[in-house]
Amino acid sequence: MDSLLRDTAERAIKYRKEIQNRKVAPSEEAIKNLNQFNIPLPDEPVDEKEVIEFLDRIGSPATIGISGPRFFGFVIGGSLPATLAANWLSSAWDQNAGLFVGSPVGAYLESVSLKWLLELFSLPPDCGGAFVTGASIANFTSLAAARHSVLQKAGWDVESDGLFGAPDVNVIVGEDAHVTIFKALGLLGMGRKRVIKVPVDNQGRMIANKIPKVKGPTIICAQAGNVNSGAFDPIDEIADIAKEQNAWLHIDGAFGLWAAVVPEKAHLVKGIEKADSWATDAHKLLNVPYDCGLALVRDEEVLRSAMTLTASYLPQEYRREPSQFTPELSRRSRGVEVWAALYSLGKKGLIELVERTCNNAKMFAEGLTAAGFEIVNDVVFNQVLVSFGDAETTNKVIKEIQNDGTCWCGGTNWQGKTIMRISISSWATTEEDVKLSLNAMIKSADKFKKEK
Ligand SMILES: *Cc1c(COP(=O)(O)O)cnc(C)c1O
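The rules behind these values
Residues numbered from 1 in each chain as written. Predicted model: local features only at pLDDT ≥ 70, side-chain atom pairs only at ≥ 80, totals over all residues. Heavy atoms only, no water. Helix = DSSP H or I, 4+ residues; strand = E, 2+ residues; numbered from the N terminus. Rg over C-alpha atoms; globule rule 2.2 N^0.38 Å. Buried < 20%, exposed > 50% of the residue type's maximum accessible area, 1.4 Å probe, protein only. Areas by Shrake-Rupley, 256 points an atom, 1.4 Å probe, with all protein chains shown as cover. Lys, Arg positive; Asp, Glu negative; His and termini not counted. Charge placed at Lys NZ, Arg CZ, Asp CG, Glu CD. Disulfide = S-S within 2.5 Å. Expected span 1.5 Å × (residues − 1). Pairing = 2+ DSSP bridges. Axes fitted to C-alpha atoms, helices over the stretch in contact; angles between N-to-C directions.

Draft legend 1. Seen up close, the overall build of the protein. Tallying secondary structure elements over the protein gives 13 helices and eleven strands in all. The globule rule puts the C-alpha radius of gyration for 452 residues at 22 Å, and the 23 Å found for the protein is close to it. In the protein, which comprises 452 residues, the share counted as buried stands at 52%. Approximately 20700 Å² of the protein is accessible, and the part contributed by carbon and sulfur atoms is 55%. If the 49 positive side-chain charges of the protein are averaged to one point and the 56 negative ones to another, these points end up 4 Å apart.

As structure tokens, then:
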């Protein structure tokens with residue numbers, strides 16, 4: 001085992017060095033070579049070193065360079081060195097963090113991380129929290145708590161009796177809510193389509209005074225950080241409306257909640273402390289390895305009621321059992337990497353990390369504007385949307401940038417316009433990386449200018 005693990009660590013270290021300079025997307029050949037995995041399941045055991053050699057030889061080249069400094073497609077963070085290292089050690093521990101007895105250290109570090117995070121976000125220290133796979137399940141978990149609470153107030157026990165025959169629940173979302181909100185609503189039996197959609201402005205922000213007055217159990221979902229524009233719903237205003245209507249307010253802050261950490265950006269999330277639940281990701285701006293998200297709920301008891309489970313073989317006495325707050329029973333110790341990220345960065349390091357991603361976004365926007373291209377969003381956080389002309393040209397430029405490989409960006413449709421999306425979420429991206437990437441983008445775009 002000794003030499004297998006050492007050899008693997010060497011391979012991993014080599015990968016992390018090389019990914020800095022490799023083309024961000026894998027080559028066609030690397031993808032084609034994945035065919036080599038397509039073999040019948042061997043009858044006999046294969047030597048473990050050979051397994052890893054094969055995995056590295058064929059697998060590593062077919063990765064996309066998310067852990068490198070110049071991946072800007074989707075809002076996806078890299079992984080801080082301390083978090084990768086913590087992940088290795090934690091994998092060696094192979095703990096089941098569902099129960100305290102299953103992993104005292106896993107459960108303990110979740111509690112510590114949760115406390116630190118609530119302080120960083122300036123949220124009440126006694127909020128409940130769940131470490132889950134990502135913001136999708138964090139939205140799901142939070143909305144399960146919301147469903148519990150609004151129906152309980154209407155005299156209905158949804159966990160016991162289900163939704164058949166239950167009072168109606170109004171669900172109000174912004175027209176530009178993230179797709180995972182709708183998926184969560186579907187999973188919870190509240191319907192992907194059975195929602196009231198509130199119109200948004202040209203940045204994708206919910207227009208608060210268009211929120212209808214409704215009666216009965218109500219959940220309002222607001223957004224901190226639009227996945228395209230990076231814009232923030234007017235949370236303070238929405239929170240006051242939610243209060244008036246006695247509605248549950250949930251905030252999807254997958255990456256935007258981290259604005260609360262930075263004094264100069266905190267105005268973007270003004271009023272978040274008035275919400276009832278918040279979903280965020282640690283694998284985006286906090287830069288822990290995949291996967292990790294976090295559901296936070298103001299009333300810990302509500303979250304626990306929505307997620308609790310009991311069995312005679314499970315511990316009966318109460319202490320913070322992580323699985324009392326999550327959809328899963330067994331799961332990995334996600335709190336370990338979150339703890340390592342926060343402990344290694346400290347408050348200052350975290351603020352600096354978030355500020356740096358915002359500054360890099362500004363630098364992209366300024367560089368592209370200076371080169372004569374149109375930035376179509378207000379760059380308030382880490383997202384930049386750029387148009388290179390008509391849809392066809394923009395798509396061609398995106399392909400060219402991806403093929404060039406200096407950096408990687410994807411396209412999207414934003415309010416009827418085809419644009420390229422630049423998301424800066426990695427701790428590893430330096431000013432130099434932005435300059436290199438800007439040059440590559442402008443060179444690629446100029447090619448199509450000249451051809452015209
Ligand atoms: C990324 C994102 C999600 C989904 O998060 P996952 O970690 O992919 O599950 C939800 N909402 C917003 C606003 C996001 O940016």
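Back to the write-up after that little detour.
Draft legend 2. The arrangement of the state of the cysteines in detail. Applying the stated criterion across every chain, the model contains zero disulfides. With no disulfide of its own, Cys 292 has Cys 127 as its nearest cysteine by sulfur position, at a separation of 17 Å. Here Cys 292 falls in the buried class, since its relative accessible area comes to 1%. With no disulfide of its own, Cys 407 lies closest to Cys 409 among cysteine sulfurs, the gap being 4.7 Å.

Draft legend 3. Representation of the environment of Tyr 108 in the model. Here Tyr 108 lies in helix H5 (residues 104–120). Judged by relative accessible area, Tyr 108 falls into the exposed class, the value being 54%. The spatial distance from the C-alpha of Tyr 108 to the C-alpha of Glu 244 is 38 Å, given a sequence separation of 136 residues.

Draft legend 4. View of helix H12 (residues 391–404). Taking 1.5 Å per residue as the helical rise, H12 with its 14 residues ought to reach 20 Å, and the 20 Å between its terminal C-alpha atoms agrees with that figure. Here H12 has its buried residues at Thr 393, Thr 394, Val 397, Ile 398, Glu 400, Ile 401 and Gln 402. Where H12 terminates, the next one or two residues include Gly 405, which has phi positive at roughly 85 degrees.

Draft legend 5. Representation of unusual backbone geometry. Residue Asp 291 is bonded to the preceding Tyr 290 through a cis peptide linkage, with omega at 0 degrees. Its location among the elements puts Asp 291 in the loop between strand E6 (277–281) and strand E7 (293–297). For Asp 94, which is not glycine, the phi dihedral falls at a positive 50 degrees. Note that Asp 94 resides in the loop between helix H4 (81–93) and H5. Taking the relative accessible area as the measure of exposure, Asp 94 reaches 65% and is therefore exposed. Although it is not a glycine, Gln 415 adopts a positive phi angle of roughly 50 degrees. Residue placement: Gln 415 occurs in the loop between strand E10 (410–414) and strand E11 (417–423). In this structure Gln 415 comes out as partly exposed when scored by relative accessible area, which is 44%.

Draft legend 6. Representation of the sheet that holds E6 in the model. An order of E1-E7-E6-E5-E4-E2-E3 is seen for the seven strands of this open sheet, with the pairing classed as mixed. In this open sheet, the two strands that pair with only one neighbour each are strand E1 (128–132) and strand E3 (196–198). Strand-to-strand twist of the sheet, defined as the mean angle between neighbouring strand axes without regard to direction, takes the value 20 degrees. Strand direction decides the pairing type here: strand E2 (residues 170–174) and E3, joined by three bridges, are parallel.

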